[in-house]
Amino acid sequence: QDGLKQCLAEFRQQLAWVERLDVTLGPVADPVTQSASTSDAVDPENDFQREMSFYRQAQAAVLEALPRLRKLQVPTRRPDDYFAEMAKSDQQMQKIRQKLKSKQEAMERSEKAKQLRAMRKYGKKVQVEILQRRQKEKKNMLNAVKKYQKGLSDKLDFLDEDQTSSQGNKKGNASQRTKKGPNAKRRYKNQKFGFGGKKKGSKWNTKESFNDVSSFQSKVAHNKGPGKGGRGGKGGKKALNKRPGKRARQKMKSRAR
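On a predicted model such as this, the values are computed, not experimentally measured, just so you know. Counting starts from 1 at the beginning of each chain's written sequence and moves along it residue by residue. Local features in a predicted model are, by the rule used here, given only for residues with pLDDT of at least 70; side-chain atom pairs are given and counted only at 80 or more, and totals for whole chains, interfaces and linings are based on all residues. The side-chain figures draw on all heavy atoms in the structure; neither hydrogens nor water molecules are used.

**Thoughts on the overall build of the protein chain**
No. 1: Numbering of helices and strands runs from the N terminus, with a helix taken as a DSSP run of H or I at least four residues long and a strand as a DSSP run of E at least two residues long. Helix and strand content of the protein chain: eleven helices and zero strands.
No. 2: Shown N-terminal to C-terminal, the secondary structure of the protein chain runs as helices and strands in the order α-α-α-α-α-α-α-α-α-α-α.
No. 3: Buried, partly exposed and exposed residues are distinguished by accessible area as a fraction of the type maximum, computed with a 1.4 Å probe on protein chains only: under 20%, between the cut-offs, and over 50%, respectively. Taking all 257 residues of the protein chain together, 6% fall into the buried category.
No. 4: Partitioning the intrachain contacts of the protein chain with sequence separation of at least 6 by distance along the chain shows that 36% fall at a separation of at least 24.
No. 5: Summed over all atoms, the accessible surface of the protein chain reaches about 25100 Å², with 53% contributed by carbon and sulfur. Contact between two residues is taken to exist if any of their heavy atoms lie within 4.5 Å; hydrogens are not considered. To measure how exposed things are, a 1.4 Å probe is used in the Shrake-Rupley method; for residues, cover is taken only from the protein chains shown.

**Description of the pattern of salt bridges**
No. 1: Whenever a carboxyl oxygen of Asp or Glu lies within 4 Å of a side-chain nitrogen of Lys or Arg, that contact is scored as a salt bridge. The tally for this structure, following the rule as stated, stands at three salt bridges.
No. 2: For the salt bridge of Arg 50 with Asp 47, the shortest nitrogen-to-oxygen distance reads 2.8 Å. Remark: Asp 47 and Arg 50 occur in helix 3 (residues 47-71); sequence separation between them is three residues, near one turn of the helix.
No. 3: Overall, the relative accessible area of 25% leaves Arg 50 in the partly exposed class.

**Considerations on the UniProt feature "coiled-coil region" (unreviewed entry) in the protein chain**
No. 1: Following the UniProt record, one finds the feature "coiled-coil region" (unreviewed entry) at residues 86-113.
No. 2: Spanning residues 86-113, this segment combines 86% helix with 0% strand, and its end C-alpha atoms are found 39 Å apart. UniProt positions are given in the numbering used here, feature names are shortened, and annotations may be inferred rather than shown by experiment.

**Regarding helix 3**
No. 1: To estimate the expected span of a helix, subtract one from its residue number and multiply by 1.5 Å. Here helix 3 is 25 residues long and its end C-alpha atoms lie 37 Å apart, about the 36 Å a rise of 1.5 Å per residue gives.
No. 2: Tucked into the core, helix 3 has its buried residues touching helix 2 (17-20).
No. 3: Polar contact criterion, stated in full: a pair of N or O atoms within 3.5 Å, where within protein one must be able to donate a hydrogen and the other to accept it, and residues adjacent in sequence count only if both atoms are side-chain atoms. Sitting at the head of helix 3, Asn 46 places a side-chain oxygen 3.2 Å from the backbone nitrogen of Phe 48.

**Notes on the side chain of Ser 53**
No. 1: By secondary structure assignment, the location of Ser 53 is in helix 3.
No. 2: Judged by its relative accessible area of 14%, Ser 53 is buried.
No. 3: Setting aside residues no more than four positions away along its own chain, Ser 53 makes contact with Pro 27 and Val 42.

**So, the packing of aromatic side chains**
No. 1: By convention, a stacked pair of Phe, Tyr or Trp rings (six-membered ring in the case of Trp) has centres within 6.5 Å and planes under 30 degrees apart, an edge-to-face pair has planes over 60 apart, and any other such pair is tilted. Applying the stated rule across the entire model yields zero aromatic pairs.
No. 2: Should the NZ of a Lys or the CZ of an Arg lie within 6 Å of a ring centre and within 35 degrees of the ring normal, that charge is described as sitting over the ring. Its end group placed over the ring of Trp 17, Arg 68 keeps NZ or CZ at 3.9 Å from the ring centre.

**Section: a nonpolar patch on the surface**
No. 1: To count toward a patch, a residue needs a relative accessible area above 30% and no salt bridge. Like charges then connect within 9 Å, nonpolar side chains (Val, Leu, Ile, Met, Phe, Trp, Tyr) within 5 Å. Residues Met 86, Met 93, Ile 96 and Leu 100 make up a contiguous nonpolar surface patch of roughly 350 Å² in combined accessible area.
No. 2: For Met 93, the location among the structural elements is in helix 4 (residues 90-150).

**Overview of unusual backbone geometry**
No. 1: Non-glycine residue Leu 21 carries a positive phi angle of around 50°.
No. 2: Here Leu 21 is to be found in the loop between helix 2 and helix 3.
No. 3: Despite not being glycine, Gln 73 has its phi angle at roughly 60°, a positive value.
No. 4: With respect to the helices and strands, the residue Gln 73 is situated in the loop between helix 3 and helix 4.

**Some words on the confidence of the model for the protein chain**
No. 1: Note on scores: pLDDT gives the predictor's confidence for each residue, bounded by 0 and 100. Averaged over every residue, the pLDDT of the protein chain is 77; residues scoring 70 or more account for 74%.
No. 2: Ranking the elements of the protein chain by mean pLDDT puts helix 6 (residues 174-177) last, at 49, and helix 3 first, at 90.

So, in structure tokens, the structure goes:
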């Protein structure tokens, strides 16, 4: 004990309190029990009691030191333009910031990739469903056409269904899907070129048409009808050719000159 006191006297410096700022006090009174708890009352194994003892002891030192500092006119509040240097350098903090930023960007890219994969998967699923539906409709239509060609069915409902489905896909209107019948262009072509029935060989002669000569006119057939004859009442090819010959045309040109 004598040696410790001697060492303490050697390194102790007789400085003013404002230079030392040492305050040694016990903890303040507990607000619950209104009594200052001693060190013996604190259980060192209880973390909460131990930390609260440190807190109340620091609080007592602050309550003791603040009036003395104000009495000595020492500022106790931090100024607005106070700049405290950080323990870590700016380069190290910049590296940490870049690393955090790169991690965040990687997470965003990963999230976007997940969303794109999900959207692509959903798009493929929808596309496959549409293709399957179209193939099914095409197959049903081909089967109906084959049945109609073979004479197994006399209904053309599949044409109306195909027309209404195409109109529904284009315009998306329920009233237009139920609309049936050809349009104006189709009706005009039907009126002009005919519609339905056999067309190949429709102008061939039959036995009845070959034997029927009631509409035959000999004068018309042999070019002997009224107004067909030429000079002197004679008919023929010369009477039909009213254009003058080449020599006559050349004479007419020379006269005109």
